[in-house]
Amino acid sequence: MAFFLNFGFAVFELAGGFLSNSVAIISDALHDLGDSLAILLAMFLEKISVRKRDDNYSYGYKRFSLLSAVISSLIVAAGSLLIIYEAVQRVFNPEETNSAIMFLMAVAGIVINYMGYRRLESSERNQRAIKLHLLEDILGWVSVLVASVVIYFTNLTVIDPAISIAIALFILYKAILNIKEFVKIFLQAVPEDVESSSVLDEVRKIEGIRSVHDFHLWTMDGNYNVLTLHVVIERETDPEHIIRIRKQIREISRKYKIDHETIEIGYCNEECEFVDC
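Bear in mind that the values here come from a model prediction, so they are computed numbers and not experimental data.

Conventions we followed
Residues numbered from 1 in each chain as written. Predicted model: local features only at pLDDT ≥ 70, side-chain atom pairs only at ≥ 80, totals over all residues. Heavy atoms only, no water. Helix = DSSP H or I, 4+ residues; strand = E, 2+ residues; numbered from the N terminus. Rg over C-alpha atoms; globule rule 2.2 N^0.38 Å. Buried < 20%, exposed > 50% of the residue type's maximum accessible area, 1.4 Å probe, protein only. Contact = heavy atoms within 4.5 Å. Pairing = 2+ DSSP bridges. Axes fitted to C-alpha atoms, helices over the stretch in contact; angles between N-to-C directions. Salt bridge = Lys/Arg side-chain N within 4 Å of Asp/Glu carboxyl O.

(A) Examining the overall build of the protein chain more closely. Assigned secondary structure in the protein chain consists of 8 helices and 3 strands. Secondary structure elements in the protein chain, listed N-terminal to C-terminal, are α-α-α-α-α-α-α-β-β-α-β. Over its C-alpha trace the protein chain gives a radius of gyration of 26 Å, far above what one expects of a compact globule, namely 19 Å for 277 residues. Among the 277 residues that make up the protein chain, the fraction classed as buried is 47%. In the protein chain, the proportion of contacts linking residues at least 24 apart, taken out of those at least 6 apart, comes to 73%.

(B) Representation of the pairing of strand β1 (residues 209-219) in the model. Of the strand pairs in this sheet, β1 and strand β2 (residues 225-233) are connected by 8 bridges, and their pairing is antiparallel. Bridging from a neighbouring strand, L217 pairs with L227 of β2. Linking two consecutive strands that pair antiparallel, namely β1 and β2, is a turn of 5 residues; a positive phi of about 95° is found at G222 within it.

(C) View of the sheet that holds β1. Taken together, the 3 strands give an open sheet; going across it, the order is β1-β2-β3, and neighbouring strands pair in mixed fashion. Each having just a single partner strand, β1 and β3 (260-267) make up the two edges of the open sheet. Neighbouring strand axes in the sheet, compared pairwise and without regard to direction, differ in orientation by 15° on average. One ladder, built from 8 bridges, connects β2 with β3; its direction is parallel. Residue pairing across strands places T228 opposite T262, the latter belonging to β3.

(D) Region of interest: the pattern of salt bridges. Evaluated as defined, the whole model comprises 5 salt bridges. With a closest N to O distance of 2.0 Å, R210 and E234 form a salt bridge. Of this pair, R210 sits in strand β1 while E234 sits in the loop between β2 and α8 (239-255), placing them 24 residues apart in sequence. Residue R210 is classed as exposed on the basis of its relative accessible area, which comes to 53%. Using a relative accessible area of 30% as the deciding quantity, one classes E234 as partly exposed. Ionic pairing is found between E261 and R250, a salt bridge with its closest N-O pair at 3.5 Å.

Here it is as structure tokens:
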């Protein structure tokens, strides 16, 4: 529904933009076409992302959803740069615009994009990225609405490309923040919502654990967090105690919203490739 609303209105926008001779509306139409492509890609890749693990992807296909969000943000960033390039030329060579058509298009733009925004309720990063695009569209149309009123009463047509530049810079800034977050996930940085030092401290306090090393914490897609670690115990530790240690580590993992953990048990004086074992 969000796709059809966005794509259909983008085509309508292009016609309105040429009729009103508004670079703000034309630039937003191009932005909406980019959003439509991003939503279509999100629909396709999100369906793939729910597939279970197999021989090719041992962790499953979760990152396909994240890949969609990255591509979507790159499309928006590229579109913003194109808008800025076109609008700067109009600043130095202002052209007459039809403020009445701009006003009507802005009202329609706010309504349509809000409807699309409300259709996306998920907290997944993929859909969050799409919701951000639609929210920015709403703000952009509010700016166009204000610009149309100002142009109508003052005939100050330079405000049209000026607002386009402001909107594009704001969208570009948000897209860069998104890309930065997604790159950190792909580079397997520690999840921002998990305090790794706290996890490590709690594991070290478990009775029977002498030390912890080779501690790795990352996230698959920003939601599904993964932990691997080696714990060292005394050779004399009985099997029941080892089971309790594993259970306590898993309880700590769930406390910190870690969905998957791999625990390796080592023994004191055992040969290990890690110096601090």
